Amino acid sequence: MNKISLTTMRRRKVDFFSSFRKFLLALLFIFPAVTLYAQSGLQVSARLIIRKGNLEGAKVTIYKNGTVSQQMPVGNRGIFDFSLDYGSEYIISFEKPNYIGKKIAIDTKVPENFKKDIEKGTVFDVELFPQSENEIKEYENPVGKIKFANDIRDFEFDTDYSIKVSKEIEKANKQLAENNKKKEKEEIARKEEEKRQQLLAEAQKRKEEEVAKQKVAEETQKIQEEQLRKEAEER
């Protein structure tokens, strides 16, 4: 492939799962690879973009083979560069409180005959969006995966994996929306039943009060009649 300078590489934005069609189009540009020299390991340049907010509180964590390797400071522009050792599996986690976090998986395993003195790099953006009631709060699996492709002898974005994940997330969000709608209906029904029971209780209370008043009235009448009877006898 042509040797392209990382500093002149056009950065592409990644807006995962805002819509399935947009996602599929984004796959075509998500992780362009570049050939680098005089570096060690896979070179990564990434930018974190926070939609409807700022970078305050955001953090980027790098996991190597399941263990925390390092946490990257997020500057004002959200751009950071790092190097990943070959022969490992990495998860890059992007998080911010009250935002839907995302993970990118990067598999740096390469063939034995891979020329490590001509190393590779990748450039990408990750956008985080605020959490909402009808979207899952966190994606359990990475939303994107980069791995070495033997056919092109370079690192590339695994489009099949992302299509699969996008469908899973779309299905999960649809199920969540349906569950929320069901809960909303159940809550409305619960409140209506609660109101109905309250009205029944109030009606029953009024009935009992009327019965009690009637009983008191009857007792009072009996006492008065008895008093009148005694007075009549005394006369």
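For the structure itself, consult the block above.
Keep in mind that this is a model prediction, so the values were computed, not measured.

**Student:** Run through the sheet that holds strand β10 (residues 154–157), naming residues and quoting values.
**Tutor:** Pairing is mixed in the open sheet, where 6 strands are placed in the order β4-β3-β6-β7-β9-β10. Edge positions in the sheet fall to β4 (67–72) and β10, since each of these pairs with one other strand and no more. Adjacent strand axes in the sheet meet at a mean angle of 20° when their direction is disregarded. As paired strands, strand β6 (residues 89–95) and strand β7 (residues 102–107) are joined by 6 bridges and run antiparallel to one another. By the bridge assignment for β7, Ile92 is matched with Ile104.

**Student:** For the nonpolar core, give the residues involved together with the corresponding values.
**Tutor:** Across soluble globular proteins, nonpolar side chains have a tendency to be buried as a group. Core analysis: the largest hydrophobic core is formed by 34 residues, its most contacted members being Leu48, Ile92, Phe94 and Ile106. Secondary structure elements with two or more residues in this core: β2 (42–50), β3 (59–64), β5 (79–84), β6, β7, β8 (118–128), β9 (144–149) and α2 (159–234). Per-element accounting of this core gives the leading share, 5 residues, to β2. If sequence neighbours within four positions are ignored, Ile92 has contacts with Val60, Thr61, Ile62, Phe82, Lys102, Lys103, Ile104 and Ile106.

**Student:** Requested: an account of unusual backbone geometry, with residues and values cited.
**Tutor:** Positive phi is not limited to glycine here, since Asn65 has a value of about 55°. Within the secondary structure, Asn65 is located in the loop between β3 and β4. Non-glycine residue Asn98 carries a positive phi angle of around 70°. For Asn98, a relative accessible area of 62% translates into the label exposed.

**Student:** Before we move on, could you go through α2 and cite the residues and values that matter?
**Tutor:** Spacing of three or four residues puts side chains on the same side of an α-helix, whose turn is 3.6 residues. Taking 1.5 Å per residue as the helical rise, α2 with its 76 residues ought to reach 112 Å, and the 111 Å between its terminal C-alpha atoms agrees with that figure. Considered for burial, the residues of α2 that qualify are Tyr161, Ser162, Val165, Ser166, Ile169 and Asn173. For α2, the N-terminal cap is Asp158; the gap from its side-chain oxygen to the backbone nitrogen of Asp160 is 3.3 Å.

**Student:** With reference to specific residues and values, describe the packing of aromatic side chains.
**Tutor:** By the definition in use, this model includes 5 aromatic pairs. Ring geometry for Phe80 and Phe82: centres 6.0 Å apart, planes at 15°, overall stacked. Counting every residue linked through ring pairs, the aromatic cluster contains Phe80, Phe82, Phe94 and Phe124.

The rules behind these values
- Residues numbered from 1 in each chain as written.
- Predicted model: local features only at pLDDT ≥ 70, side-chain atom pairs only at ≥ 80, totals over all residues.
- Heavy atoms only, no water.
- Pairing = 2+ DSSP bridges.
- Helix = DSSP H or I, 4+ residues; strand = E, 2+ residues; numbered from the N terminus.
- Axes fitted to C-alpha atoms, helices over the stretch in contact; angles between N-to-C directions.
- Core = buried A, V, L, I, M, F, W, Y, C linked by side-chain atoms within 4.5 Å.
- Buried < 20%, exposed > 50% of the residue type's maximum accessible area, 1.4 Å probe, protein only.
- Contact = heavy atoms within 4.5 Å.
- Expected span 1.5 Å × (residues − 1).
- Polar contact = N/O pair within 3.5 Å; in protein donor to acceptor, adjacent residues only side chain to side chain.
- Phe/Tyr/Trp six-rings, centres within 6.5 Å; stacked < 30°, edge-to-face > 60°.

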